[in-house]
Structures are given as C-alpha cells and as structure tokens.
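As a plain string of letters, each chain reads:
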Amino acid sequence: ESVLMDFKHILARVYFKIDYDKKKNQGDKFILREFSISNIKKEGTLQSSFNIDNPHSWSVNPLQNMTFEWSDVYEFGSAKSLWDNGLMLIPQTIAPGVVNINVKYTYIDHYVVEGEDGEQIAAPVDKEVNTYLPAVTWKPGQQYTYTMTLHEDDLITFRQIEVATWGSPQQGGAIIIK
C-alpha cells in the first residue's frame, strides 16, 4: 500500500524591494547602483523530529556570516525587486543592529543649477546609506518581504515586513510498504 508524504521547505525565503520617496521627491531621480546585506548566518545544523507541530529546528553557527551583493544601474520608475527569486536562507533570529544594509545610489535633484557657460544642468550627487535590518525571526517555510524607501536626506525607512507561507506543502512520491 502506498503512503503519501507532505514535504515542506526547511529554509526561509527572503525578498528585498527598494523604492524612493515619490511624494517628497516628485521630479527628482534616484538611480540605484549597489545594494548589499551582510552579517547573515550561513552555516547551521538541522535537527529533525517526528513532531508534527515542530518537525525541525536549526542551530546556526554564530561565527559564519555571509554577504549578498547586488550591482546594476536602475533608474526608479517603480519599486525594484532585488534577487527576483528571493534569497534562500537558514532560518535565524535577526537581532537589532546586526544585519547591515548598504545602499549606493545617485540622487539627481529636479531643480537645476547653472553651469559654467550659463546652461541649466541637473546636479547628480552620489550617496551611500547604511542601516540595519529590523529585528525578526525567520522561520522555516516562511517567506519574508522587506520593502525599503530611500529618502534624499540619507535615510532608509522600512514598511511593515510581509510574512507569508512559502508555497504549499508538496507531496512526494509514493512509498510502498510491504
């Protein structure tokens, strides 16, 4: 007789979206150049059990960290989703002030300045902003979406973290017991 088994994700999927403050900066341009997130735990041990409510848990190695980097040129027209398929990460607790986010972008004010020959030119300003990921615990099988907003005054704000179940359980193949 065959037995159907449900399989669930054991990692957490994390998405990052970034946008700029459109209300305050109408007509301005923001050009995203680089984004990095560092101090994410990259190594751990999975403990499995037959407990339906808590089938597995992770213990992470606190000394093994990693950095993810994104680099491109993106002129904002809408929010930019970084790493389209999300990052598959070991579930872990993100403590305040630990996971660093670094953003490099160019800000072009819609007000123009007068050039040497009297021509009107926009003045691009390269900026770099650092902040920390808000505290949260990433759980297995959950999907987390962070939406950040860039502001011209070197500030990044976060919207509420969106948390959802990552897909539905997948049924594995049949196991035949004789």
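In case you missed it, the structure is sitting above this.
Note that the structure is predicted; figures quoted are calculated from it, not measured.

Draft legend 1. Structural detail: the overall build of the protein. Counting secondary structure elements, the protein contains zero helices and 17 strands. Of all 178 residues assigned to the protein, the portion counted as buried reaches 37%. For the protein, restricting intrachain contacts to residue pairs at least 6 apart in sequence, the fraction spanning at least 24 positions comes to 73%. In the form shown here, the protein has an accessible surface area of approximately 10900 Å², with 50% of it arising from carbon and sulfur atoms.

Draft legend 2. Structural context of the environment of Thr147. If you trace the backbone, Thr147 turns up in strand S13 (residues 142-151). Since its relative accessible area comes to 5%, Thr147 is described here as buried. A C-alpha to C-alpha distance of 8.4 Å links Thr147 and Ala79, two positions 68 residues apart in sequence. Residue contacts for Thr147: discarding those within four places in its chain leaves Lys17, Thr157, Phe158, Arg159 and Glu162.

Draft legend 3. Local environment of the packing of aromatic side chains. Tallied over the entire structure, the rule returns 11 aromatic pairs. Ring centres 5.3 Å apart and planes at 90° place the aromatic pair Tyr74 and Phe76 in the edge-to-face group. Side by side, Tyr74 and Phe76 carry an identical accessibility label, which is buried. Look at Tyr146 and Phe158: their rings are 6.4 Å apart centre to centre, the planes differ by 80°, and that puts the pair in the edge-to-face class. With Tyr146 in strand S13 and Phe158 in strand S14 (residues 155-158), the pair connects residues that are 12 residues apart, well separated along the chain. Classification of Tyr146 as buried rests on a relative accessible area of 1%. Since its relative accessible area comes to 24%, Phe158 is described here as partly exposed. Here a set of aromatic residues connected by ring pairs shows up, and it is made of Phe16, Phe35, Phe68, Trp83, Tyr146 and Phe158. The ring of Tyr74 has Lys80 sitting right over it, with the charged end atom 5.2 Å from the ring centre.

What counts and how
- Residues numbered from 1 in each chain as written.
- Predicted model: local features only at pLDDT ≥ 70, side-chain atom pairs only at ≥ 80, totals over all residues.
- Heavy atoms only, no water.
- Helix = DSSP H or I, 4+ residues; strand = E, 2+ residues; numbered from the N terminus.
- Buried < 20%, exposed > 50% of the residue type's maximum accessible area, 1.4 Å probe, protein only.
- Contact = heavy atoms within 4.5 Å.
- Areas by Shrake-Rupley, 256 points an atom, 1.4 Å probe, with all protein chains shown as cover.
- Phe/Tyr/Trp six-rings, centres within 6.5 Å; stacked < 30°, edge-to-face > 60°.
- Lys NZ or Arg CZ within 6 Å of the ring centre and 35° of its normal.

Keep in mind these values describe shape, not function.
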